[in-house]
Amino acid sequence: MGLRRYAATRVITMFAVLLITLFITIALVGSNMDSILKQGIAYQVRTEITEGTTAAGQFQSVEEFEAFVQERIDQRVAILGLDEPWYSPQRIGLSMYKILLLDFGHATFLTSDLGSSDVRDIILEKLPRTILLFTTATIIISIVGIFLGALAGSKVGSAVDRLTSSFAVISSSFPVWWVGMLMIFLFAFTYQIFPARATPDLSPEDPGYIGALLYHMTLPLITIVLIGFGAWAYLVRNFMVGIMQEDFVTAKRAIGIRPRRIIYLHALKNAAPPIVTILALSLSGSLGGAIITEAVFDWPGMGRLYFEAITVMDLPVIIGATYVLTAFFLISIFVADILYGYFDPRVRTGQ
Amino acid sequence: MSTTHARGGAQGATLVDLKKEFLGSRMGMAGIIILVGLFVISAITVAVIPIETFQEWNNPKSWISYPKTAVPAWTNIMLAEKIPEHLVLDEPASVTTSTEGGVTSTSQEFVVMFDYDGFPNDFIYTFSAEYEGSPLMQILVLRPDGTSIKLISKSLPSSQDVSVHSERIFSTDSSIRKNIMLQSDMFEFEPGSISTEDLVFSATDVNEVLKGKYVFTVDTYSVEHFEMTGSGLIVGGKAFGLIGTDELRRDLAVGLLWGTPLALFIGITVAVASVMAGLLYGVYAGYRGKKTDEVMMRFNDVVYALPALPFLIILSVTISNSILLMVGFLVIFGWVGIAKVSRSMSLQIKVRGYVDAAEMMGQSRSKIITRHIIPQLLPYAFASIAISVPAAITTEAGLSFLGLGDPSFPTWGQILHDANTFGAAARGLWWWMMPPGLMIALTGLSFVFIGNALDSIVNPRLKR
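Reading guide: rules and limits
Residues numbered from 1 in each chain as written. Chains lettered and ligands numbered in written order. Predicted model: local features only at pLDDT ≥ 70, side-chain atom pairs only at ≥ 80, totals over all residues. Heavy atoms only, no water. Helix = DSSP H or I, 4+ residues; strand = E, 2+ residues; numbered from the N terminus. Rg over C-alpha atoms; globule rule 2.2 N^0.38 Å. Buried < 20%, exposed > 50% of the residue type's maximum accessible area, 1.4 Å probe, protein only. Areas by Shrake-Rupley, 256 points an atom, 1.4 Å probe, with all protein chains shown as cover. Lys, Arg positive; Asp, Glu negative; His and termini not counted. Charge placed at Lys NZ, Arg CZ, Asp CG, Glu CD. Pairing = 2+ DSSP bridges. Axes fitted to C-alpha atoms, helices over the stretch in contact; angles between N-to-C directions. Domains from an automatic or database assignment. Contact = heavy atoms within 4.5 Å. Buried area = accessible area lost by both parts, 1.4 Å probe. Salt bridge = Lys/Arg side-chain N within 4 Å of Asp/Glu carboxyl O. Polar contact = N/O pair within 3.5 Å; in protein donor to acceptor, adjacent residues only side chain to side chain. Nonpolar A, V, L, I, M, F, W, Y, C, P; charged D, E, K, R; others polar. Core = buried A, V, L, I, M, F, W, Y, C linked by side-chain atoms within 4.5 Å. Patch = residues over 30% accessible without salt bridge, like charges linked within 9 Å, V, L, I, M, F, W, Y side chains within 5 Å. Expected span 1.5 Å × (residues − 1). Arc of directions from axis to C-beta.

Colleague: An account of the overall build of chain B is needed here, citing residue identities and associated values.
Modeller: On a plain count of helices and strands, chain B comes out with 15 helices and nine strands. In terms of overall size, chain B is more extended than a compact globule, its C-alpha atoms giving a radius of gyration of 32 Å where 464 residues would be expected to give roughly 23 Å. The dimensions of chain B, computed from C-alpha atoms along their principal axes, are 100 × 50 × 40 Å. Taken over 464 residues, chain B has a buried fraction of 53%. Total accessible area on chain B stands at roughly 20300 Å², and carbon and sulfur atoms take up 60% of it. On chain B, the mean spot of the 33 positive side-chain charges and the mean spot of the 41 negative ones are 23 Å from each other.

Colleague: How would you sum up the pairing of strand S8 (residues 212-222) of chain B? Please name residues and give values.
Modeller: All names here are of chain B. Of all 11 residues in S8, nine are buried; the element is thus mostly enclosed. As defined by bridge partners, strand S3 (residues 103-114) adjoins S8 across 11 bridges and the pair is classed as antiparallel. Pairing of Met113 across the sheet is with Lys213, part of S8.

Colleague: Outline the sheet that holds strand S9 (residues 226-236) of chain B, supporting the account with residue identities and numerical values.
Modeller: All names here are of chain B. Taken in spatial order, the four strands line up as S1-S9-S4-S7 in an open sheet, and their pairing is antiparallel. Each edge of the open sheet is held by one strand with a lone partner, namely strand S1 (87-89) and strand S7 (159-170). Neighbour-to-neighbour, the strand axes of this sheet turn through a mean angle of 5°, independent of strand direction. Where S1 and S9 come together, three bridges link them in antiparallel fashion. Bridging from a neighbouring strand, Leu87 pairs with Val235 of S9.

Colleague: Kindly report on the domain arrangement of chain A, identifying the contributing residues and their values.
Modeller: All names here are of chain A. When its domains are assigned, chain A resolves into domain 1 (3-100) and domain 2 (119-349). A C-alpha centroid distance of 39 Å is found between domain 1 and domain 2. Counting residues at the interface gives 17 residues for domain 1, matched by 17 residues for domain 2. Taken over both partners, the interface formed by domain 1 and domain 2 buries close to 1700 Å², and the fraction arising from carbon and sulfur atoms is 84%. Considering only the side of domain 1, the residues that lose the most area to domain 2 are Leu3, Tyr6 and Met14, jointly responsible for 34% of the buried surface there. If you look at where domain 1 meets domain 2, you find zero salt bridges. At the junction of domain 1 and domain 2, the tally comes to zero residue pairs in polar contact (both at pLDDT 80 or more). Broken down by secondary-structure element, the contributors of at least two residues to the side of domain 1 that touches domain 2 are helix H1 (3-51) and helix H3 (89-100). Ranked by the residues each element gives to the side of domain 1 that touches domain 2, the list is headed by H1, at 15 residues. Residue classes in the side of domain 1 that touches domain 2 are distributed as 13 nonpolar, three polar and one charged.

Colleague: Requested: an account of the interface of chain A and chain B, with residues and values cited.
Modeller: Many analyses report the size of an interface as the accessible area lost when the parts associate. Across the contact, 52 residues belong to chain A and 48 residues belong to chain B. Roughly 4200 Å² of surface becomes buried between chain A and chain B when both sides are summed, with 77% attributable to carbon and sulfur atoms. Linking chain A with chain B are zero salt bridges, by the criterion used here. Taken together, chain A and chain B are joined by three residue pairs in polar contact (both at pLDDT 80 or more). Counting residues per element, the ones that place at least two in the side of chain A that touches chain B are H1, helix H5 (159-172), helix H6 (176-190), helix H7 (209-244), helix H9 (259-297), helix H10 (302-312) and helix H11 (315-343) of chain A. For the side of chain A that touches chain B, the element with the highest residue contribution is H1(A), accounting for 10 residues.

Colleague: I'd like a description of the domain arrangement of chain B, backed by residues and values.
Modeller: Domain annotation for chain B reports domain 1 (2-57 + 250-463) and domain 2 (73-235). Of note, the centres of domain 1 of chain B and domain 2 of chain B, computed from C-alpha atoms alone, are 54 Å apart.

Colleague: I'd like to hear about the nonpolar core, residue by residue, with values.
Modeller: Ranked by size, the top nonpolar core spans 168 residues in total, and within it Trp177(A), Met240(A), Tyr306(A), Ile318(A), Ile313(B) and Met433(B) carry the most contacts. One finds Leu87(B), Ile176(B), Phe189(B) and Phe216(B) within the second-largest nonpolar core, a separate group that totals 37 residues.

Colleague: Run through a nonpolar patch on the surface, naming residues and quoting values.
Modeller: A contiguous nonpolar patch, built from Val36(B), Val40(B), Ile44(B) and Val48(B) and spanning about 350 Å² of accessible area, is present on the exposed surface. In this fold, Val40(B) is placed in helix H2 (residues 26-48).

Colleague: Go over H2(B) with me, naming the residues and quoting the values.
Modeller: Residue and element names in this part refer to chain B. The end-to-end C-alpha distance of H2, which contains 23 residues, comes to 33 Å, matching closely the 33 Å that a straight helix rising 1.5 Å per residue would cover. Residues of H2 that are buried: Gly28, Gly31, Leu35, Leu38, Ser42 and Thr45. Elements that come into contact with the buried residues of H2 comprise helix H1 (15-24), helix H6 (252-288) and helix H15 (430-458).

Colleague: Requested: an account of the environment of Glu125(A), with residues and values cited.
Modeller: Residue and element names in this part refer to chain A. Following the sequence through the fold, Glu125 ends up in helix H4 (residues 119-154). Sequence separation between Glu125 and Asp113 is 12 residues; the distance between their C-alpha atoms is 8.0 Å. If sequence neighbours within four positions are ignored, Glu125 has contacts with Ser112, Asp113 and Leu114.

Colleague: Tell me what's going on with helix H4 (residues 174-182) of chain B, and back it up with residues and numbers.
Modeller: All names here are of chain B. Restricting attention to buried positions, one finds in H4 the residues Ile176, Asn179 and Ile180. Axial view of H4: buried residues confined to an arc of 95°, hence all on one face. Away from its buried face, by an angle of more than 90 degrees, H4 presents the exposed residues Ser174, Lys178 and Leu182. Where H4 is buried, its residues contact strand S6 (148-155), S7 and helix H5 (196-200).

Colleague: Explain the environment of Tyr116(B) residue by residue, including any values.
Modeller: Residues and elements named next belong to chain B. Secondary-structure assignment places Tyr116 in the loop between S3 and strand S4 (122-133). Separated by 32 residues in the primary sequence, Tyr116 and Pro84 place their C-alpha atoms 5.1 Å from one another. Once you skip the residues sitting within four places of it in the chain, Tyr116 turns out to touch Asn76, Lys82, Ile83, Pro84, Glu85, Leu87, Val209 and Lys211.

Colleague: How would you sum up the sheet that holds S8(B)? Please name residues and give values.
Modeller: Backbone hydrogen bonds are what pair the strands of a sheet, in a parallel or an antiparallel way. All names here are of chain B. Taken in spatial order, the five strands line up as S2-S3-S8-S5-S6 in an open sheet, and their pairing is antiparallel. Each edge of the open sheet carries a strand with a single partner, namely strand S2 (94-100) and S6. The mean angle between the axes of side-by-side strands here comes to 15°, regardless of whether they run parallel or antiparallel. Two elements, S2 and S3, share seven bridges in a ladder whose sense is antiparallel. Residue Ser98 lies in a different strand from S3, and its bridge partner there is Ser105.

Written out as C-alpha cells, the structure is:
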C-alpha cells in the first residue's frame with residue numbers, strides 16, 4: 001500500500017469516526033435537548049399571552065385558558081419540527097448535516113465576550129486561547145523533554161538519568177489540576193506574583209489585551225510544563241537507551257565521532273519517528289485535558305467553555321464544542337498516523 | 001489511558017521469572033510497600049469508621065457538632081501559641097442521682113482541660129430528655145481559679161405526659177448573657193462588649209485566657225419521671241482531628257480515609273476490566289486474522305479516536321453519575337490501547353511451532369487462545385494493569401473535581417471540588433487542599449512504581 005492510499009483509507013476512517021462521534025453526542029443529549037426546547041417554548045408562549053395582546057380575561061375558565069395555551073404550544077412545536085422525536089432519521093440527519101457545516105445554532109445561555117450567542121462565534125473566540133496556552137506548553141515541554149531525555153538516555157545510571165527518571169515517575173502521578181490549585185495558593189495568594197484568575201479583566205478590544213492575556217497565561221503555563229516535561233523526558237530517554245545500544249552507534253563511537261555529536265545528531269535522528277508521532281498525539285491530548293485545567297485556572301478557552309456549558313446544560317454549545325474537540329483530536333491522530341506511516345513503511349501494510 | 005509503548009514481544013519473561021525479578025526490584029518493592037499501606041488504611045477504615053458516617057457526608061445535619069474550617073489538631077505541636085482545640089464531649093464524666101423529699105436531682109459533670117492560648121469560638125450544651133411535668137435545669141461552670149459562674153437556670157417546657165425534649169443551648173443564648181452580666185462584679189474590666197465565651201474562659205483581672213480545668217455541671221430537678229437520654233458538651237475551637245474540617249463542618253479525616261478503599265476499588269476494577277477486555281479482544285482479533293481482524297481493528301480505531309474526557313463528561317451528565325456506571329464508562333475508553341498491543345503480540349505468537357502443533361492436534365480455538373496464547377501475554381497484562389490504575393484514579397478524580405462524581409460516595413476528587421468551590425486556595429485552607437491530592441498522588445505512585453518495575457522486566461531493553 002502506498003502512502004497516498006494509506007492516507008486515503010485513514011481519511012475515510014477518520015471521517016466515519018467524526019460522524020459516529022457526532023451521532024453518539026446527539027443521541028446522548030438529544031432527548032434532553034428536546035425537553036429543554038419544549039420548556040422554552042411553553043415559557044415563551046405563556047409570557048406572550050400574559051403580557052401580550054390576548055387578554056387573559058376573555059376565557060371563561062382556567063381549563064379553557066390552559067387548552068388555548070396548549071394549542072399555541074403545539075402549533076409552535078410543530079412549526080419547529082419538534083413534534084417528531086429527536087431520534088427520527090430526518091431530524092438526526094438534518095442536525096448532523098448542519099453541524100458538519102459548522103452551523104451549531106444559538107447557545108441557550110452562554111455568550112461570547114463580545115455578546116454573540118452564536119455557538120460558532122463563541123467557539124471561534126475561545127479556541128485560539130486554548131491553542132495558545134496548550135500549544136505553547138506542549139512545545140516547551142517537548143523541547144525540554146527531548147534534550148533532557150537525550151542527555152539522560154546517553155548516560156544511563158548517572159545522576160542526571162536517575163533524577164530525570166524519578167522526577168518523571170513522581171510528576172506523572174500528580175493530577176495537573178491539583179498542582180494548579182497549589183500553584184494558585186502559592187503564587188497568587190501567599191506570594192502575590194501572578195493573578196489567581198487567568199481571565200484578563202480587559203475587554204478583548206483593548207490594545208493591552210494581548211499583554212494582559214500573556215501575563216495571565218504564565219501561571220497555567222508553568223504548571224502544565226512542570227507536570228508535563230518529566231514524562232516526555234522519560235519517554236525520550238527510553239527511546240535513546242534502545243538506540244544507544246544499536247550497532248551503528250557503537251561503530252560511530254569506534255571511529256571517534258564526538259559523543260555529543262552522536263547523541264544529538266545521529267541517535268536523536270533515529271528516535272525522531274516515534275517522538276514526532278507522540279508529539280502530534282500529545283498536542284491533541286492536551287486539548288482534552290484542557291477541560292479540567294482551564295476550570296482550575298479560569299482560563300477563558302474551550303475547556304472552560306465546555307465546563308460552563310455542562311454546568312448550565314447549554315446543549316448546542318456542548319454539541320459544538322465536542323464536535324470541534326473531536327475534529328482536532330482526529331486531525332492530530334491522522335497527522336500522527338501519516339507521520340508514522342511515512343517514517344516506518346511497515347505500518348502501511350497493516351502488520 | 002492507553003499505553004503507547006512499542007513492544008517487541010513477550011518472549012522470555014514467564015510468570016515465574018517475572019515474580020523473581022520483581023522481588024529483586026527496589027522500585028517495585030517500594031510500590032508494593034505503599035500499596036500494602038493503602039490496603040491497611042482501607043481495612044482499618046472499613047472496620048473502624050462506620051459506613052453511615054460516610055454516607056452522611058453530604059448531609060449538613062450530621063456534622064452540626066463539628067467546627068467550621070478547623071486546622072488539624074496536630075499543628076499545635078509546632079505552634080508556640082496553642083490554637084484552641086474543638087472539644088466534643090459526648091457524655092458526662094460523672095453522673096450522680098439522688099432523691100430527696102420527692103425531688104429527683106441529677107447532676108452531670110463535664111470536665112474540660114483548657115490549655116490553649118486563644119478563647120474558644122463558643123460552647124454548646126446539647127441534650128435530650130424524656131420526662132413528665134416541668135423539670136428545672138441549671139448549668140454552672142467551676143473555673144480553674146476556684147470561682148464559679150452560673151450560666152443558666154431555667155425550666156424545661158412542661159409536658160402533661162411522658163415526652164421527649166431535645167435542645168441545644170448555645171453560649172450566645174440571651175439568658176446566659178443576662179446571668180453572666182449579673183455576676184460581672186468578679187471581673188476587674190468592663191465586660192460590656194465581650195462575648196460570653198470570652199468571659200467564661202477569662203481571667204478575672206484582664207481579659208486573657210485562664211488556662212486549666214473547667215468543670216461544667218448540669219443539674220436537673222424533677223418531681224415526676226425524668227431521664228436524660230443524651231447529653232453532650234461542645235467547646236468550639238479552631239483546631240480539630242487528624243486533618244481538620246471543611247467549610248461544611250465535615251471531618252476531613254472521614255472523607256479522606258473512606259476515599260482510600262474507594263479509589264483502590266475504582267482504580268483496580270477499571271484497570272483489571274480494561275486489560276482483560278483489551279487482551280481478549282486483541283488476542284481474538286490477532287488469532288483469527290483476515291476479515292475478522294480487519295473489522296475488529298477498525299472498530300478499535302473508532303473507539304480510540306473518541307475524545308475520552310468530553311465523552312465521560314457527557315455520559316455522567318446524561319446517563320448517571322453512579323460510581324459503578326462510572327467504572328463502566330472508564331472501561332469503555334480503557335481497553336483500546338491494550339487491545340492494539342495484544343493483537344500485534346498474538347500475531348507473533350500464533351505463527352510459533354507449538355500453536356501450529358496444537359492446531360494440528362485438533363484443539364479448539366478457544367482452548368488454543370486460553371492455553372497457549374494468553375499465558376504468554378500475562379506478564380505484559382500485569383504490567384498494563386499496574387500502569388492503567390493511576391490513569392483511572394486521576395480520571396475519576398478529575399470528573400469528581402468538575403462536580404460530576406457520585407454524591408453518595410464522596411471521593412478525594414469531590415473533596416477537592418468542594419475545596420475549589422469554597423475558595424480554599426484564596427483562604428489559605430491548606431489542610432483541605434493538600435491531603436486529598438497527596439493521597440491521589442501516593443496511590444498513583446505506588447502503581448506507577450509497580451508498573452515500571454514490571455515493565456522493565458517485560459521490556460528488557462529499558463533496563464541497564
